[in-house]
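# Architecture and fold: a report
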Amino acid sequence: MDARALQIGLAGFGNVGAGVYLNLVRNGDLVAARCGCRLEVRRIAVRDVNRVRAVDPPAALVTADWRELAADPEIDVIVELMGGVSEAYDLVKAALEAGRIVVTGNKALLAERGRELFALARERGVPLLFEAAVAGGIPIIKAIQESLVGNRIESIYGIVNGTCNYILTRMQEAGIAYAEALEEAQRLGYAEADPALDVSGWDAGHKAILLGSLVSGAWVDPGSVVVEGIEHIAAADIGYAERLGYAVKLLAVIRRKGEAGLLEVRVQPSLVPSQHMLAAVHGVFNAVLVRGDVVGDALFYGSGAGRDPTSSAVISDLGEACRAKRGVIQTALINPAEEAALLPVDESFSHYYLRLNVDNLPGVLARVAALLGDHGAGITTVLQPETEGDSAELVMVLGDAPYGSIRRALREIAELDCTRETPVLLRLEPLETRATA
């Protein structure tokens, strides 16, 4: 074991930062024995030194200026858990320029400024570690970079946002509306007071960008990634999906398409077959299904957020930092000098769920079917609940077709004089399992 401990500068002492500190204190001997050096927190940067905290570190460790961490020559590794992008970027950049190892759980920072930071880390020859940035306590980053290094990753389907999964689960189990499920999630602490980042899909979008970059080995441009949230999902959609044999999940999808191997990267609410493993992921839990050309299908399941699961991921990266201190350097598989070749979303294929509210008149279904047919989309299933009023709902499952063709058809359907509300379109992911011999 090295005589000198790994000295840590911890930036941010919120829920996760406090969890890292507590778990290092509690399991310090275990981590030291396994990693070959002791992990010691030398400095903690907080926004308000006078704030009363449930976890109270020694006052001598605490500073209100994160710049002190970057300037301290005795600190070996900076753990960035501040959140946000601007100040976090300044700290991580300063740390990398000084040759410090960096551990971060900040997916927004890496999705928005990661190309620059990964390039700087490569230039300086120091690790930028980010296990905690995707799916909390699930070790998906190390799995892709290490355990599956001999695989060409064909696809990833991930439920990577616990807030959205909780809301959709409650809508399915209790039959409640989106607004009621969101209010319940906020009351229980599963959703922020301002839930926009989660329910818009962009929290999952940041994670999809990182996973896509790892899969491709090149940087995925955030501007090329299609992200849709769950705000427009109605209780009726959840109910119809169940009748059709599906559950609705917010999925991050990364998959290779065609001989050219273009990468499809998107986040959208999708119908998942009820018998599939991902449909059984309930509440705030996360799951990531990875398909490799050698391993076949591998499912990673666990807590995607929270103090202890996320701090576990941070401590895992600190173990990697111990190895880096001894000269075993591993950089991310992402080459920031290259940009991933992405499949345009309009060229992506899938099946679809379509719900329409229309005039309750003869011939309406035929008009809709004709428009869909004009754009190469066939109807495989129709549900038409009985109604006594002057409006009716049409629920259809559409066969495999390009997303762009479906969107063009939808624009024309929305303009029909018999269409009363904005159509609801969801992807339908078959998620067939490929077994290996």
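One can find the structure itself at the top, above this paragraph.
What this report covers is the structure whose coordinates are included nearby. (Residues numbered from 1 in each chain as written. Predicted model: local features only at pLDDT ≥ 70, side-chain atom pairs only at ≥ 80, totals over all residues. Heavy atoms only, no water.)

Under the counting rule described, the total for this entry stands at 25 salt bridges. Salt-bridge contacts for R67 lead to D65; the nearest nitrogen and oxygen are separated by 3.2 Å. Note that R420 and D359 form a salt bridge whose closest N and O atoms lie 2.7 Å from each other. Highlighted residues: R420 in the loop between α14 (403-414) and β18 (424-428) and D359 in strand β15 (residues 349-359), separated in sequence by 61 residues. Since its relative accessible area comes to 41%, R420 is described here as partly exposed. (Salt bridge = Lys/Arg side-chain N within 4 Å of Asp/Glu carboxyl O. Helix = DSSP H or I, 4+ residues; strand = E, 2+ residues; numbered from the N terminus. Buried < 20%, exposed > 50% of the residue type's maximum accessible area, 1.4 Å probe, protein only.)

Here the focus is the side chain of E184. Along the chain, E184 turns up in helix α8 (residues 178-187). Looking at E184, its side chain comes within polar contact range of the side chain of R170, at 2.6 Å. Ignoring anything within four residues of it in the chain, the contact list for E184 reads Y166, R170 and I176. (Polar contact = N/O pair within 3.5 Å; in protein donor to acceptor, adjacent residues only side chain to side chain. Contact = heavy atoms within 4.5 Å.)

With that settled, consider the nonpolar core. Core analysis: the biggest nonpolar cluster contains 90 residues, and F130, I140, I156, I167 and I230 have the highest contact counts within it. Once you skip the residues sitting within four places of it in the chain, I156 turns out to touch I144, L211, V215, A252, V253, I254, V288, L289 and V290. Grouped together as the second largest cluster of nonpolar side chains are 31 residues, C37, V41, I101 and L318 included. (Core = buried A, V, L, I, M, F, W, Y, C linked by side-chain atoms within 4.5 Å.)

Moving on to helix α12 (residues 307-325). Along its 19 residues, α12 runs 26 Å from first to last C-alpha, staying within 8% of the 27 Å computed at 1.5 Å per residue. Listed in full, the buried residues belonging to α12 are T310, S311, A313, V314, I315, D317, L318, G319, E320, A321, C322 and A324. Just downstream of α12, G327 is the residue with a positive phi angle, here 100°. (Expected span 1.5 Å × (residues − 1).)

Let us now look at the sheet that holds strand β6 (residues 128-129). Spatially, the six strands line up as an open sheet ordered β3-β2-β1-β4-β5-β6, and their pairing is parallel. Each edge of the sheet is formed by a strand with only one pairing partner; in this case those strands are β3 (62-63) and β6. Sheet topology note: the strand β2 (residues 39-45)/β3 ladder contains two bridges and is parallel. Along β3, the bridge assignment pairs I44 with V62. Packed on one face of the sheet, helix α1 (residues 15-26) meets β1 (6-11) and β2 and runs near 150° to β2. (Pairing = 2+ DSSP bridges. Axes fitted to C-alpha atoms, helices over the stretch in contact; angles between N-to-C directions.)

This part is about the packing of helix α7 (residues 162-174) against helix α11 (residues 235-244). With their axes 9 Å apart at the nearest point, α7 and α11 run at an angle of 70° to one another. In terms of orientation, α7 lies roughly perpendicular with respect to α11. Along this stretch, α7 crosses α11, giving a crossing that reads as right-handed. Facing L168, M171 and Q172 of α7, the residues of α11 in contact are A235, I238 and E242. Residue composition of the contact of α7 with α11, by class: four nonpolar, one polar and one charged. (Parallel < 35°, antiparallel > 145°, perpendicular 65-115°, else oblique. Left-handed = near helix turned anticlockwise from the far one by under 90°. Nonpolar A, V, L, I, M, F, W, Y, C, P; charged D, E, K, R; others polar.)

On to the packing of aromatic side chains. Under the definition given, this model contains six aromatic pairs. When the centroid spacing of 5.9 Å and the interplanar angle of 70° are considered together, the rings of F13 and Y21 count as edge-to-face. Centroid distance F118 to W219: 6.2 Å. Interplanar angle 50°. Geometry classified as tilted. With F118 in helix α5 (residues 107-124) and W219 in strand β8 (residues 218-219), this pair connects stretches of sequence that are 101 residues apart. These aromatic residues form a ring-pair network of at least three members: F118, F130 and W219. In this structure, R113 packs its charged tip against the face of Y89, placed 3.7 Å from the ring centre. (Phe/Tyr/Trp six-rings, centres within 6.5 Å; stacked < 30°, edge-to-face > 60°. Lys NZ or Arg CZ within 6 Å of the ring centre and 35° of its normal.)

Let us now look at helix α13 (residues 364-374). Taken residue by residue, α13 has V364, V368, L371 and L372 as its buried positions. The arc that holds the buried residues of α13, viewed along the axis, is 100°, so those residues lie on one side. Exposed residues pointing more than 90 degrees away from the buried face of α13 are listed as A366 and D374. Along its buried surface, α13 packs onto β15, β16 (379-383), β17 (391-402) and α14. Where α13 ends, the next residue or the one after it, G376, has phi of about 80°, a positive value. (Arc of directions from axis to C-beta.)

By the definition in use, this model includes one disulfide. Shown here is the disulfide that connects C37 with C322, its sulfur atoms set 2.4 Å apart. Of note, the bridge from C37 to C322 carries an S-S torsion of about -100° and is left-handed in sense. Pair noted here: C37 is in the loop between α2 (28-35) and β2 and C322 is in helix α12, with a separation of 285 residues, a long-range link. Taken individually, C37 and C322 each receive the classification buried, so the pair is uniform in this respect. Lacking any disulfide linkage, C35 is separated from the closest cysteine sulfur, that of C322, by 5.0 Å. (Disulfide = S-S within 2.5 Å.)

A contiguous nonpolar surface patch, about 600 Å² in accessible area, is contributed by L188, Y190, M277, V284, F285, L299 and Y301. Of note, M277 is situated in the loop between β11 (262-273) and β12 (285-292). Residue classification places M277 among the partly exposed positions, given a relative accessible area of 40%. (Patch = residues over 30% accessible without salt bridge, like charges linked within 9 Å, V, L, I, M, F, W, Y side chains within 5 Å. Areas by Shrake-Rupley, 256 points an atom, 1.4 Å probe, with all protein chains shown as cover.)

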